[in-house]
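These are the residues of each chain, in order.
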Amino acid sequence: MRVCVAGVTGWTGRAIAAAVLRSEDLRLVAGLAREAAGRDAGTAIGQDRPAGVAITADPARALAANPDVWIDYTHPVAVKGHALAALEAGVRVVIGTSGLSAADYRDLDAAARAAHSGVIAAGNFSLTAALLKHLAGIAARHLPHREIVDFSHADKPDAPSGTARELADHLAAIAPNRLSRPVDDILGEPATRGASLAGTQVHSVRLPGYVLSVEALFGLPGERLTIRHDAGLSPEPYVAGTLLAVRRVGEVTGLVRGLDMLLFGCSPLTPESPSAAPRSPPGPA
């Protein structure tokens, strides 16, 4: 399978590209990055030998390499345009970049269906983040009061994180949230109650010392439940899930959102989707 990695020299992109180069069933045919344009992709990401693939800063040139799948770990302002161009060129898309809106995802779904193609997007391709989303969905069936807290590094360009946004949308599809006191009735500063996303209050903390953490908080009188995902300093947790999406994107039409859909096939309350039937968890990349 021929693969292009957009954001190939980035924190996650270089780990993805290295895993593609090690893989027996995937072939790196293009890499997209502005600052490393013209360099060999292998040496640019710190490999011992050249990959024989020159990095380009031009998405059209990357698509001219005829990849089967476009993997995007670039900036939120660029990823949607990249994905639409790839779909128009007949290339399937895997998106690991966060920061896209609900409207962006609707547009990508419509474009993929019009092209009879597929997109798999996840705010977080790690196994523990997928489990957070899945287990929080089970909790939402029984616990009507919830909030989300999203932690990340101080210079993260988007808020909330893609993980938190995807989680809020997922929980809204399962059960409505119940606020004991509407935010508009708050005395003082209503903004301190966070942003309402799909009916859930989401609070984004941006401080040095964090990589990415997301908490799903549920409460009942006299008790509470916290489900939390914490990311470490390595991009490796995102590699296996991304490559699983690359290998599975040929099976889907339209947009599949979330690694949990590949692992578990459905939300706790919705019928299993034929395009996202559950498989074994991703193994080592």
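Calculation criteria
Residues numbered from 1 in each chain as written. Predicted model: local features only at pLDDT ≥ 70, side-chain atom pairs only at ≥ 80, totals over all residues. Heavy atoms only, no water. Helix = DSSP H or I, 4+ residues; strand = E, 2+ residues; numbered from the N terminus. Buried < 20%, exposed > 50% of the residue type's maximum accessible area, 1.4 Å probe, protein only. Contact = heavy atoms within 4.5 Å. Areas by Shrake-Rupley, 256 points an atom, 1.4 Å probe, with all protein chains shown as cover. Lys, Arg positive; Asp, Glu negative; His and termini not counted. Charge placed at Lys NZ, Arg CZ, Asp CG, Glu CD. 1 Å grid on protein atoms, 1.4 Å probe; cavity = no way out; pocket = protein on both sides within 12 Å on 5 of 7 lines; lining within 4 Å. Points joined across faces, edges and corners; volume = space filled by probe spheres on them. Nonpolar A, V, L, I, M, F, W, Y, C, P; charged D, E, K, R; others polar. Phe/Tyr/Trp six-rings, centres within 6.5 Å; stacked < 30°, edge-to-face > 60°. Expected span 1.5 Å × (residues − 1). Pairing = 2+ DSSP bridges. Axes fitted to C-alpha atoms, helices over the stretch in contact; angles between N-to-C directions.

Caption draft 1: How the structure looks around the overall build of the chain. Each helix and strand counted, the chain has 9 helices and 12 strands in total. Taken over the C-alpha atoms alone, the chain extends approximately 60 × 40 × 30 Å along its principal axes. Considering the chain as a whole, with its 285 residues, one finds that 52% of them fall into the buried category. A separation of at least 24 residues holds for 70% of the contacts in the chain among residues at least 6 apart in sequence. Just so you have it, the chain exposes about 13,000 Å², and 53% of that area is on carbon and sulfur atoms. Between the averaged position of the 27 positive side-chain charges in the chain and that of its 28 negative side-chain charges there is a distance of 2 Å.

Caption draft 2: How the structure looks around the layout of surface pockets. Reported here for the largest pocket is a volume of approximately 1,000 Å³. Forming the boundary of the largest pocket are 35 residues, of which Trp11, Tyr73, Thr74, His75 and Thr97 lie nearest the centre. Breaking the lining of the largest pocket down by element, the ones donating at least two residues are helix H4 (76–88) and helix H7 (162–174). Grouping the constituent residues of the lining of the largest pocket by class yields 13 nonpolar, 18 polar and 4 charged.

Caption draft 3: View of the packing of aromatic side chains. Scanning the entire structure with this criterion turns up 2 aromatic pairs. With a centroid separation of 5.1 Å and 20 degrees between ring planes, the pair formed by phenylalanine 151 and tyrosine 210 is classed as stacked. Residue phenylalanine 151 is located in strand S7 (residues 145–152), and its partner tyrosine 210 is located in the loop between strand S9 (200–206) and strand S10 (212–220); the two are separated by 59 residues in the primary sequence. Classification of phenylalanine 151 as buried rests on a relative accessible area of 13%.

Caption draft 4: Structural context of helix H6 (residues 127–140). Here H6 contains 14 residues, and its C-alpha end-to-end distance of 20 Å stays within 8% of the 20 Å for a straight helix at 1.5 Å per residue. When we look at burial in H6, the residues that qualify are Ala129, Ala130, Leu132, Lys133, His134, Ala136, Gly137, Ala139 and Ala140.

Caption draft 5: Region of interest: the environment of arginine 2. With respect to the helices, strands and loops of the structure, arginine 2 is situated in strand S1 (residues 2–6). It is 6.1 Å that separates the C-alpha atoms of arginine 2 and leucine 28, two residues lying 26 residues apart in sequence. Excluding residues within four positions of it along the chain, arginine 2 makes contact with Arg27, Val29, Ala65, Asn66, Pro67, Asp68 and Val69.

Caption draft 6: Focus on empty space enclosed by the protein. Under the criterion given, the structure shown has 1 cavity of 30 Å³ or more. Of the voids in this model, the largest cavity is the one considered here, and its volume is about 80 Å³. Forming the boundary of the largest cavity are Gly123, Asn124, Ala129, Ala130, Leu132, Lys133, Thr163, Glu166, Leu259 and Asp260. Going through the elements one at a time, H6, H7 and helix H9 (259–264) are the ones with two or more residues in the lining of the largest cavity. Sorting elements by how many residues they give to the lining of the largest cavity places H6 first, with 4 residues. Residues belonging to the lining of the largest cavity are distributed by class as follows: 4 nonpolar, 3 polar and 3 charged.

Caption draft 7: Highlighting the sheet that holds S9. The strand order S8-S9-S7-S10-S11 describes an open sheet built from 5 strands, whose pairing is mixed. Both outer strands of the open sheet, strand S8 (195–197) and strand S11 (223–231), are each paired with one neighbouring strand and no more. Each strand of the sheet is rotated relative to its neighbour by a mean of 25 degrees, with strand direction disregarded. As judged from the 8 bridges shared by S7 and S10, these two strands associate in the antiparallel manner. Bridging across to S10, valine 149 finds its partner in glutamate 215.

Caption draft 8: Spotlight on unusual backbone geometry. Residue alanine 159 is joined to proline 160 through a cis peptide bond whose omega torsion reads 0 degrees. Relative to the helices and strands, proline 160 resides in the loop between S7 and H7. Of note in this structure, histidine 116 is not a glycine but carries a positive phi near 55 degrees. Of note, histidine 116 is situated in the loop between helix H5 (102–114) and strand S6 (118–121). Relative accessible area serves as the criterion here: at 65%, histidine 116 is assigned to the exposed category.

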